[in-house]
Amino acid sequence: MKKITFKLPRTIMLALVSILLIALTSCESSDSSNGDPDLKGSNYKVSKGDYTFYADKEKYTNLEDLRGDSTLCQIEIEIVKVKRQGNSMVIDIAKPKNCDVEFEIVWNGTIMESFPMQGHFYIHPISKNCTDQEEKEVIELTLDLEGILKGFDASYIADTNFTIMDSCKFVDIVCVKNCDVTTTN
């Protein structure tokens, strides 16, 4: 039995390798046709009444790293209820009654393209010189998701479930579709 060998000329081999390399290096990935699911370095903030919304991956990561640390929060809050109606989310928060509290809502700038899509927000309270924290009052923060999630189509936001996380405690509230979640009695 005679062995058959097949040899390609050197120029054809080089041409095939070149075509393969060009094909591999020229491919572009498309994140989404409905909106950019990643900030790609373009952080921003939106101030609304009692809160400031930050789309900032570094700030989000810092909160994640320090979450639950006693040095992170000067006051104690409690997320009482989360309710969503379309592209608005209402968060009821129990805070010290006689303290001026500003809230930071921090997002890492990404929507996870799972099914269903998911996004995560940290709520971080800031208050200075708050001495009396015994008596509480419930305030309502209303997040206009279309207004704060810049660059995302309204239908894209409508299909996204959000998790609200307390930066001072290990408490997460998962809001699925038009949720109405009460966390305390």
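Refer to the preceding data block for the structure.
Residues numbered from 1 in each chain as written. Predicted model: local features only at pLDDT ≥ 70, side-chain atom pairs only at ≥ 80, totals over all residues. Heavy atoms only, no water.

1. Notes on the pairing of strand 4 (residues 88-96)
Thinking step 1. Among the nine residues that make up strand 4, eight are buried, leaving the element largely enclosed by the rest of the structure.
Thinking step 2. Taken together, the seven bridges between strand 3 (residues 78-85) and strand 4 define a ladder with antiparallel strand orientation. What sits directly across from Val82, in strand 4, is Ile91.
Thinking step 3. In textbook terms, the turn of a hairpin is the stretch between consecutive antiparallel strands, and for strand 3 and strand 4 this stretch comprises two residues, one of which, Gly86, has a positive phi near 65 degrees.
Thinking step 4. Both strand 4 and strand 7 (residues 136-144) contribute to a ladder of nine bridges, which runs antiparallel. The residue of strand 7 that forms the bridge with Ala94 is Val138. (Buried < 20%, exposed > 50% of the residue type's maximum accessible area, 1.4 Å probe, protein only. Helix = DSSP H or I, 4+ residues; strand = E, 2+ residues; numbered from the N terminus. Pairing = 2+ DSSP bridges.)

2. Details of the sheet that holds strand 10 (residues 180-182)
Across a sheet, strands are paired by hydrogen bonds formed along the backbone, either parallel or antiparallel in direction.
Thinking step 1. Pairing in this open sheet of four strands is antiparallel, and the strands run 7-4-3-10 from one edge to the other. Where the open sheet ends on each side, the last strands, each with one partner, are strand 7 and strand 10. Taken pair by pair, the neighbouring strands of this sheet meet at an average axis angle of 15 degrees, ignoring direction. (Axes fitted to C-alpha atoms, helices over the stretch in contact; angles between N-to-C directions.)

3. A word on the side chain of Asp92
Thinking step 1. Among the structural elements, Asp92 can be located in strand 4.
Thinking step 2. Buried and without a salt bridge, Asp92 has Lys81 as its closest oppositely charged side chain, separated by 5.5 Å.
Thinking step 3. What Asp92 contacts, discounting residues up to four positions off in sequence, is Glu78, Ile79, Val80, Lys81, Val138, Ile139 and Glu140. (Lys, Arg positive; Asp, Glu negative; His and termini not counted. Salt bridge = Lys/Arg side-chain N within 4 Å of Asp/Glu carboxyl O. Contact = heavy atoms within 4.5 Å.)

As far as function goes, none of this settles anything; it's purely spatial.
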